[in-house]
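Fold and geometry: a report
So you can see what is in the structure, the chains are spelled out below.
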Amino acid sequence: MTQKNTKKIPLDALSETVTAGAYGSQNGWQPDDPIPYVPHLATVAVPVHFDYLLENYPPFQGKKEAAHEQRQHITAALWKELSADIACRISKTLIHDLDEEHITAVFKNIFNSLVFENRAFDSGRQNRTIFLVQNYNPEQQTCEGIGFINIEFRLASMNYIPQTGEYADTTLDITIRTSLYTDIDELAAEVKFLKEH
């Protein structure tokens, strides 16, 4: 992403559940809710909106990558962990200086919320948006950038084997979409474009 300026982005507040002393002042992209910009980011993060911008709005710098993964003879717990690792690996290829530790924890929470119950399981199409801030300064309540990761996935596990606690066949279809901003005007222009088309 081309950084057009180095001015700080003011944040009135951040998500207390995420930031309350969890990160402090750190470098890199970290998961958080960059209030008051969440509504605009959420609008762009909707997959159909994101894909429309990618195809029809040349200034849009969003990135997208999809993957299909398969594993055989694996437990639900291990498959959830591997799915989080896959999501993190893809995200790292799209975002330079991503805070791997914290984003992995977020992905693990997403996949650990799925309940398999020792039988054939299909999550259906799932969609989550993770908001990001770059180089947050808690004293000044500013950051150098905001953005999001949207994770869209479908996880399926078939042919449960009671004797081993494993699934004979598992699949993961996953798409990561991300867009990062150091200039709020770019985000506002994208939302305006979506509203007019």
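Note that the coordinates shown come from a computational prediction; the quantities given were computed from them, not determined experimentally.

**A look at the nonpolar core**
Within the largest apolar cluster, 30 residues are counted, with the highest numbers of intra-cluster contacts made by Phe107, Phe111, Ile149, Ile151, Phe153, Leu155 and Ile174. Looking at this core, the elements that each hand over two or more residues are α4 (76–94), α5 (100–112), β5 (126–134), β7 (145–161) and β8 (166–181). Ranked by residue count, the leading element in this core is α4, at eight residues. Contacts of leucine 155, omitting those with residues within four sequence positions, involve Trp79, Ser83, Phe111, Leu114, Phe116, Phe121, Asp122, Ser123, Thr171 and Leu172. In this structure, Tyr37, Tyr57, Phe131 and Leu187 belong to the second largest nonpolar core, which totals 21 residues.

**As for the environment of glutamate 81**
Mapped onto the secondary structure, glutamate 81 falls in helix α4. The partly exposed category is assigned to glutamate 81, whose relative accessible area is 39%.

**Notes on the confidence of the model for the chain**
Across the chain, pLDDT averages 87, with 88% of residues at or above 70. At the low end of the mean pLDDT range in the chain sits helix α1 (residues 16–19), at 35; at the high end sits helix α3 (residues 47–56), at 98. Low pLDDT, under 50, characterises residues 1–5; the stretch is placed with 13 contacts to residues that sit more than four places away or in other chains.

**Some points on the environment of proline 39**
Mapped onto the elements, proline 39 comes out in helix α2 (residues 38–45). A C-alpha to C-alpha distance of 9.8 Å links proline 39 and valine 191, two positions 152 residues apart in sequence.

**Details of α3**
For α3, every residue scored as buried is listed here: Pro47, Phe50, Asp51 and Leu53. The buried side chains of α3 occupy one side of the element, clustering within an arc of 160° when seen end-on. For α3, the exposed residues set more than 90 degrees away from the buried face come down to Val48 and Glu55. Against the buried residues of α3 lie α2, β3 (63–74), β5, β7, β8 and α6 (184–196).

**A short note on the pairing of β5**
Two strands pair when backbone bridges link them, and strand β2 (residues 29–31) and β5 are joined in this way by three bridges, in the antiparallel orientation. Bridge assignment links proline 31 to a residue of β5, and that residue is leucine 132. Pairing geometry for β5 and β7, over nine bridges, is antiparallel. For phenylalanine 131, the partnering residue across the bridge sits in β7 and is phenylalanine 148.

**As for the packing of α2 against α6**
As a packed pair, α2 and α6 sit with axes 10 Å apart at the nearest point and diverge in direction by 55°. When the interaxial angle is binned, α2 and α6 end up oblique. Crossing geometry of α2 relative to α6 is assigned as left-handed. For the pair α2 and α6, contact is made by His40, Leu41, Thr43 and Val44 and by Leu187, Ala188, Glu190, Val191 and Leu194, respectively.

What counts, and at which threshold
- Residues numbered from 1 in each chain as written.
- Predicted model: local features only at pLDDT ≥ 70, side-chain atom pairs only at ≥ 80, totals over all residues.
- Heavy atoms only, no water.
- Core = buried A, V, L, I, M, F, W, Y, C linked by side-chain atoms within 4.5 Å.
- Buried < 20%, exposed > 50% of the residue type's maximum accessible area, 1.4 Å probe, protein only.
- Helix = DSSP H or I, 4+ residues; strand = E, 2+ residues; numbered from the N terminus.
- Contact = heavy atoms within 4.5 Å.
- pLDDT = per-residue confidence, 0-100.
- Arc of directions from axis to C-beta.
- Pairing = 2+ DSSP bridges.
- Axes fitted to C-alpha atoms, helices over the stretch in contact; angles between N-to-C directions.
- Parallel < 35°, antiparallel > 145°, perpendicular 65-115°, else oblique.
- Left-handed = near helix turned anticlockwise from the far one by under 90°.

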